[in-house]
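Topology and contacts: notes
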Amino acid sequence: MMNQRDAADERALRVAVLGCGVVGSQVVRLILEQSDDLAARIGRRVELAGVAVRRLDAPRDVDVPDGLITTDAAGLVARDDVDLVVEVIGGIEPARGLILSALEHGASVVSANKALIAEDGPTLFEAAEKAGRDLYYEAAVAGAIPILRPLRESLAGDRVTRVLGIVNGTTNYILDKMDTSGAGFAEALAEAQELGYAEADPTADVEGFDAAAKAAILASLAFHSRVTASDVHREGISEVTAADVNSAREMGCVVKLLAICELRTGVDGAEGGEAIAVRVHPAMIPATHPLASVRGAYNAVFVESDAAGELMFYGPGAGGAPTASAVLGDLVSAARNHLAGTRGAGESAYADRAVLPMGEARTRYHVAIDVDDRAGVLATVALAFAEHGVSIQTVRQEGRDDDAQLVVVSHWSTDAQLSATVEHLRGLDIVREVTSVMRVEGGDE
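Not measured: the values here are computed from a predicted model.

1. Things to note about the overall build of the protein chain
For the protein chain, the helix and strand inventory stands at 14 helices and 17 strands. At 25 Å, the protein chain has a C-alpha radius of gyration in line with the 22 Å of a compact globule built from 445 residues. Overall size of the protein chain, expressed as C-alpha extent along the three principal axes, is 85 × 50 × 35 Å. Here the analysis covers contacts within the protein chain between residues at least 6 apart in sequence; of these, 74% occur between residues at least 24 apart. Carbon and sulfur atoms form 48% of the exposed surface of the protein chain, whose accessible area is close to 18,900 Å². Computed over 39 positive and 67 negative side-chain charges, the inter-centroid distance for the protein chain is 4 Å.

2. Section: the sheet that holds strand E6 (residues 135-136)
On the basis of which strands lie adjacent, the open sheet formed by 6 strands has the order E3-E2-E1-E4-E5-E6 and parallel pairing. Edge positions in the open sheet fall to strand E3 (69-70) and E6, since each of these has one partner strand only. Note: strand E1 (residues 13-18) against strand E4 (residues 84-87), 4 bridges, orientation parallel. Among the inter-strand pairings, Ala16 is bridged to a residue of E4, identified as Val85. Along the sheet face, helix H4 (residues 95-104) touches E1, E4 and strand E5 (108-111) and points at about 150° away from the line of E5. Where helix H12 (residues 320-340) meets the sheet, it contacts E1, E4, E5 and E6, and its direction lies at approximately 160° from that of E4.

3. A few points about the layout of surface pockets
Taken as a whole, the second largest pocket spans an internal volume of roughly 500 Å³. Residue lining of the second largest pocket: 18 residues in total, with Arg162, Glu262, Glu304, Gly443 and Glu445 positioned closest to the centre. Looking at the lining of the second largest pocket, the elements with two or more residues in it are strand E7 (160-166), strand E9 (253-265) and strand E11 (298-305). In terms of residue class, the lining of the second largest pocket is made up of 5 nonpolar, 5 polar and 8 charged.

4. A short note on the pairing of strand E15 (residues 403-410)
Summarising burial for E15: 8 of the 8 residues are buried, a large majority. The two faces of E15 match: Asp403, Gln405, Val407 and Val409 on one face and Ala404, Leu406, Val408 and Ser410 on the other face are all buried. Where strand E13 (residues 362-372) lies against E15, 7 bridges are found, and the strand directions are antiparallel. Note on E15: the bridge partner recorded for Asp372 is Asp403.

5. Some details on the packing of helix H13 (residues 377-387) against helix H14 (residues 415-426)
The contact between H13 and H14 brings their axes to 9 Å, and the two run at 145°. Along this stretch, H13 crosses H14, giving a crossing that reads as right-handed. Contacts from Val381, Ala384, Phe385 and Glu387 of H13 reach H14 at Thr421, His424 and Leu425. The residue makeup of the contact of H13 with H14, split by class, is 4 nonpolar, 2 polar and 1 charged.

6. Observations regarding the packing of H4 against helix H5 (residues 114-131)
Contact geometry of H4 with H5 gives a least axis separation of 9 Å together with a crossing angle of 15°. Our classification of the angle between H4 and H5 gives roughly parallel. Helix-helix and strand crossings are classified by hand; for H4 and H5 the assignment is right-handed. Across the interface between the two elements, Ala95, Arg96, Ile99, Leu100 and Leu103 of H4 pack against Leu116, Glu119, Asp120, Thr123, Leu124, Ala127, Ala128 and Ala131 of H5.

7. Description of the nonpolar core
Counting residues in hydrophobic clusters, the biggest one holds 79 residues, and the most contacted among them are Val85, Ile147, Leu151, Ile174, Ile217, Leu218 and Val303. A total of 11 residues in this core trace back to one element, the largest contributor, which is helix H10 (residues 209-223). Discounting chain neighbours no more than four positions away, the residues touching Leu151 are Ala156, Val160, Leu218, Leu221, Ala222 and Val303. Core analysis: the next-biggest nonpolar cluster, separate from the first, contains 33 residues, Leu13, Val46, Leu328 and Ala335 among them.

8. Points about H14
Helix length check: H14 (12 residues) gives 17 Å between terminal C-alpha atoms against 16 Å at 1.5 Å per residue, within 8%. Looking only at H14, the buried set comprises Asp415, Leu418, Thr421, Val422 and Leu425. End-on, the buried residues of H14 take up no more than an arc of 125°, which puts them together on one face. Against E13, H13, E15, strand E16 (413-414) and strand E17 (431-440) lie the buried residues of H14.

9. A few points about the pattern of salt bridges
Inspection of every chain in the model, using the stated rule, returns 34 salt bridges. The partner of Asp83 in a salt bridge is Arg11, and the shortest N-O contact between them spans 3.1 Å. You can see Asp83 sitting in the loop between helix H3 (73-77) and E4 and its partner Arg11 sitting in the segment before E1, a full 72 residues away along the chain. When its relative accessible area of 22% is taken as the criterion, Arg11 is described as partly exposed.

10. Considering the packing of aromatic side chains
How two aromatic rings sit relative to each other is given by the distance of their centres and the angle of their planes. What the rule picks out here adds up to 3 aromatic pairs. Ring centres of Phe125 and Tyr137 lie 5.7 Å apart, and the angle between their planes is 35°; this geometry places the pair in the tilted category. Taken as a pair, Phe125 in helix H5 and Tyr137 in the loop between E6 and helix H6 (148-154) lie far apart in primary sequence, 12 residues in all. For the pair formed by Phe125 and Tyr137, the shared burial category is buried. Seen from their ring centres, Tyr173 and Tyr197 are 4.8 Å apart, and the 40° between their planes marks the pair as tilted. With Tyr173 in helix H7 (residues 169-181) and Tyr197 in the loop between helix H8 (185-194) and helix H9 (203-206), this residue pair connects regions lying 24 residues apart in the sequence.

Cut-off values and rules
Residues numbered from 1 in each chain as written. Predicted model: local features only at pLDDT ≥ 70, side-chain atom pairs only at ≥ 80, totals over all residues. Heavy atoms only, no water. Helix = DSSP H or I, 4+ residues; strand = E, 2+ residues; numbered from the N terminus. Rg over C-alpha atoms; globule rule 2.2 N^0.38 Å. Contact = heavy atoms within 4.5 Å. Areas by Shrake-Rupley, 256 points an atom, 1.4 Å probe, with all protein chains shown as cover. Lys, Arg positive; Asp, Glu negative; His and termini not counted. Charge placed at Lys NZ, Arg CZ, Asp CG, Glu CD. Pairing = 2+ DSSP bridges. Axes fitted to C-alpha atoms, helices over the stretch in contact; angles between N-to-C directions. 1 Å grid on protein atoms, 1.4 Å probe; cavity = no way out; pocket = protein on both sides within 12 Å on 5 of 7 lines; lining within 4 Å. Points joined across faces, edges and corners; volume = space filled by probe spheres on them. Nonpolar A, V, L, I, M, F, W, Y, C, P; charged D, E, K, R; others polar. Buried < 20%, exposed > 50% of the residue type's maximum accessible area, 1.4 Å probe, protein only. Left-handed = near helix turned anticlockwise from the far one by under 90°. Parallel < 35°, antiparallel > 145°, perpendicular 65-115°, else oblique. Core = buried A, V, L, I, M, F, W, Y, C linked by side-chain atoms within 4.5 Å. Expected span 1.5 Å × (residues − 1). Arc of directions from axis to C-beta. Salt bridge = Lys/Arg side-chain N within 4 Å of Asp/Glu carboxyl O. Phe/Tyr/Trp six-rings, centres within 6.5 Å; stacked < 30°, edge-to-face > 60°.

Written out as structure tokens, the structure reads:
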């Protein structure tokens, strides 16, 4: 028996929006202002069924039509006349329960919730498949930049081998400010907060939690495997100093917080010899690399694949209107599928590749060491690298009275070997302090 939702009438498709903050208010605005264009693109008019908020009296950047504001989000998503649900409240709960309820009641869902997708995506994907509805989440990574759909669909016939991205605008703004002005971390962070690029509590951004969630989503799509945020090695930028940034500049590099997702081959013990390495950390990259020119609060994702080669996606990675643009794109796709009685591509996790521990990731290190300025110091330091199987690419020495600073850049090795080398250096009598350790990315291994 055909129910009300599937009846082939000409009534408008009804959309419930969960959240009316920075992003949600812009989603509501676009639905109201672009109703004619949306109708032309979808083939049916779209109208708001309701907007769920936490507080009725909170200030908002959009005038929601009378009678549509509600604090009963659970009741809204369970209504029989709601065809599509947009979730932009963020967090794990109640978002997870609301999305599952919406799918159970027959609505397709569009979400911008990176934390939830990265933590419990499989549960949501399975619910969407069971319900025969869509779960789209383009806005969860890199704001307005279309990157998830290309990975899921445009590159579905290719083999992606690496995804390297700047996926957090706050940290990119801070590091860019440190590079261009010579400011320290605290000063650059304060300016980012003053301009609205950083939250009053910037922990999720500056400690890499936000980027790690996005890296998990990117790796899952790129390598057809389930990757969660807990699988991602994470380091933030709070320990990056002006000296680190200056040293990078002297090497012809810039410092960026990178999300790095790699397909590793020839891995012993892995099925098919393939596994995944996923990490987020600050790194020096050559000034000639395309990502080095990404300035301010912008995002960019660099994709490498067998057939397409190198691709770069660039644009505003946050903000109400840019993120709402990605939400509306998903909304149009979900609405078209709803009218056609079909659904888009769901989760693709057939490869089921293991995620390698950070120690097995291959990288390079930039190490700054304060040492005694006496004969034999360089040889002792070189021996410490050699004992852990790490080759030195370059070394620079600067003398200062009775001490000196060595700046060593290694060749490619495993992170475990490099980390052990640094710990060895810290135990040497000739070493006064290892003042800086930073990974170096870019270039062929």
